[in-house]
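Here is how the chains run, residue by residue.
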Amino acid sequence: MHPWVIPLCPDARRCGNKLATLARMADAGLPTPGGVAVTAAAFEALVPTLPGLGDPPCDLAGLRRTHTQARDAIRAVPWPPGFAEALARACPGGPLAVRSSAGWEDTPDSSAAGQLGSVIGVAREGLRDAVAEVWASAFSPTALTHRLRVGRPPEPEPIAVGVQPLVPAELSGVAYSAHPVTGDASVLVIEAINGLCGPLTDGRVVPAHLELGRTGRVLTERPSRQHVLAAYDPASAAVVDRPCAGPVTLPPTRIERIRHSLLLAEEVLGRPVDIEWSWGATGFVLLQARPIPRSHRGEMSPGLPLSPRS
């Protein structure tokens, strides 16, 4: 295996916080997609420095030009011998999820969720373009303005990239071990939709919303309003939208499995967490876990994810 391609591990310096945390969850016995990481060292070696980024443009059009310039420059950089081959060998041939994992994501003080990109439904032959797209998202308008807003330099710090099997979800959603509106740690929140989680994290649908006591007693329940679902389409080798007319069905056994996993994730991190999960043919799969940032607690609206995810 190439030194830039490694199994997921708890070393955030190589894997970034998102993937390092997922490795910790797997070590604790939670089911995860597995996969490999393209380490932050690959970003350091292959992503060029953009001239003029120290004084980024202030208008949206200029920020978009910067992003396009970065994408073109990253795609033009040749990969060293053996890197692409090692990455392809380490990955299954089926649809893949290619996700960012930066050292400044998913911290107790700042999530940076939604600032970096993901590419979902990638075939093995599309891995190079997908990794380049995730790297280029570090130069996107949202990522640049986020770094400036929180007082970080505009030049992106290295990010790792996770390459994982895409879970063909029947159901997916998010969950919080403290209420995202009130911050009440005695109330858990579970939100669920049919299909892949994209329409929920994009804010295009209203999920089924449950509030539970920590022992599992249902306190509040609201039905979903979902007109579209996302699913992987083998014929087009892409994630597509499909009509969705049926309600979200979340039986007690599944609620309990999500609750148990949420509390275990909280125990691993030692603080309130939110998770992203899927439910496929093999059951529950944890896709992501992160601390709920202290600055976010109590700031969000009911029935919506705490913040957009990547």
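## As for the overall build of the chain
Moving on, step 1. Within the chain one finds eight helices and 13 strands.
Moving on, step 2. Going through the 310 residues of the chain one by one, you find that 55% of them count as buried.
Moving on, step 3. Put simply, 66% of the contacts in the chain that link residues at least 6 apart link residues at least 24 apart.
Moving on, step 4. Of the roughly 12,900 Å² of accessible surface on the chain, 55% is carried by carbon and sulfur atoms.

## Some thoughts on the sheet that holds strand 5 (residues 159-165)
Backbone hydrogen bonds hold the strands of a sheet together, and the pairing may be parallel or antiparallel.
Moving on, step 1. Across the sheet, which stays open at both edges, the five strands sit in the order 1-2-5-3-4 with antiparallel pairing between neighbours. A single partner strand is all that each edge strand has here, and the edge strands are strand 1 (5-7) and strand 4 (118-122). Across this sheet, the average inter-strand angle for adjacent strands is 25°, counted without regard to direction.
Moving on, step 2. When strand 3 (residues 96-102) meets strand 4, the two strands line up antiparallel, connected through four bridges. Residue pairing for strand 4: Arg-99 is matched across the bridge by Ser-118.
Moving on, step 3. Where helix 5 (residues 127-136) meets the sheet, it contacts strand 2 (36-38), strand 3, strand 4 and strand 5, and its direction lies at approximately 30° from that of strand 3.

## Structural notes on the environment of Ala-265
Moving on, step 1. Relative to the assigned elements, Ala-265 resides in helix 8 (residues 252-269).
Moving on, step 2. Exposure remark for Ala-265: the relative accessible area of 0% places this residue in the buried category.
Moving on, step 3. The spacing of Ala-265 and Ala-26 is 239 residues in sequence and 10.0 Å in space, taken between C-alpha atoms.

## A closer look at the side chain of Ser-137
Moving on, step 1. Following the sequence through the fold, Ser-137 ends up in the loop between helix 5 and helix 6 (141-149).
Moving on, step 2. In this structure Ser-137 touches His-67, Gln-115, Leu-116, Gly-117 and Ala-143, once residues within four positions along its chain are discounted.

## Some remarks on the packing of helix 3 (residues 60-76) against helix 6
Moving on, step 1. Remark: helix 3 packs on helix 6, axes separated minimally by 9 Å, with the N-to-C direction vectors making an angle of 110°. By the angle between their directions, the pair helix 3 and helix 6 is classed as roughly perpendicular. The residues of helix 6 that touch helix 3, namely those facing Leu-60, Leu-63, Arg-64, Thr-66 and His-67, are Pro-141, Leu-144 and Thr-145.
Moving on, step 2. Its residues assigned to classes, the contact of helix 3 with helix 6 shows four nonpolar, three polar and one charged.

## Some details on the nonpolar core
Moving on, step 1. Core analysis: the biggest nonpolar cluster contains 35 residues, and Phe-83, Leu-87, Val-98, Trp-135, Ile-159 and Val-163 have the highest contact counts within it.
Moving on, step 2. Elements represented by at least two residues in this core include exactly strand 2, helix 2 (40-46), helix 3, helix 4 (83-90), strand 3, helix 5 and strand 5.
Moving on, step 3. Looking at this core, the element that brings in the most residues is helix 5, giving seven residues.
Moving on, step 4. Residue contacts for Phe-83: discarding those within four places in its chain leaves His-2, Trp-4, Val-5, Val-38, Ala-42, Leu-46 and Trp-135.
Moving on, step 5. Counting 34 residues, the second largest nonpolar core, distinct from the first, contains Leu-8, Cys-9, Ile-255 and Leu-269.

## Overview of the sheet that holds strand 12 (residues 273-280)
Moving on, step 1. The six strands are arranged 9-8-7-6-12-13 in an open sheet whose pairing can be described as antiparallel. The strands lining the two open edges of the sheet, one partner per strand, are strand 9 (218-222) and strand 13 (283-291). For this sheet, the mean inter-axis angle between neighbouring strands, taken without regard to orientation, is 15°.
Moving on, step 2. Where strand 6 (residues 171-176) and strand 7 (residues 187-194) come together, six bridges link them in antiparallel fashion. Note that in strand 7 the partner of Gly-173 across the bridge is Ala-192.

## Comments concerning the confidence of the model for the chain
Moving on, step 1. Averaged over every residue, the pLDDT of the chain is 88; residues scoring 70 or more account for 89%.
Moving on, step 2. When the criterion is pLDDT under 50, residues 296-310 qualifies, and its contacts beyond four places in sequence or with other chains add up to 61 contacts.

## Comments concerning the pairing of strand 5
Moving on, step 1. Within strand 5, six of the seven residues are buried, which leaves the element mostly enclosed by the surrounding structure.
Moving on, step 2. Examined bridge by bridge, strand 2 and strand 5 share three bridges and lie antiparallel to one another. The residue bridging Val-36 from the neighbouring strand is Val-163, located in strand 5.
Moving on, step 3. Note: strand 3 against strand 5, seven bridges, orientation antiparallel.

## Focus: the packing of aromatic side chains
Moving on, step 1. Scanning the model with the defined rule gives five aromatic pairs in all.
Moving on, step 2. Each ring, one from Phe-43 and one from Trp-135, has its centre 6.3 Å from the other, and the planes form 85°; the classification is edge-to-face. Note that Phe-43 is positioned in helix 2 and Trp-135 in helix 5, a separation of 92 residues in sequence.
Moving on, step 3. Since its relative accessible area comes to 4%, Phe-43 is described here as buried.

About the thresholds
Residues numbered from 1 in each chain as written. Predicted model: local features only at pLDDT ≥ 70, side-chain atom pairs only at ≥ 80, totals over all residues. Heavy atoms only, no water. Helix = DSSP H or I, 4+ residues; strand = E, 2+ residues; numbered from the N terminus. Buried < 20%, exposed > 50% of the residue type's maximum accessible area, 1.4 Å probe, protein only. Contact = heavy atoms within 4.5 Å. Areas by Shrake-Rupley, 256 points an atom, 1.4 Å probe, with all protein chains shown as cover. Pairing = 2+ DSSP bridges. Axes fitted to C-alpha atoms, helices over the stretch in contact; angles between N-to-C directions. Parallel < 35°, antiparallel > 145°, perpendicular 65-115°, else oblique. Nonpolar A, V, L, I, M, F, W, Y, C, P; charged D, E, K, R; others polar. Core = buried A, V, L, I, M, F, W, Y, C linked by side-chain atoms within 4.5 Å. pLDDT = per-residue confidence, 0-100. Phe/Tyr/Trp six-rings, centres within 6.5 Å; stacked < 30°, edge-to-face > 60°.

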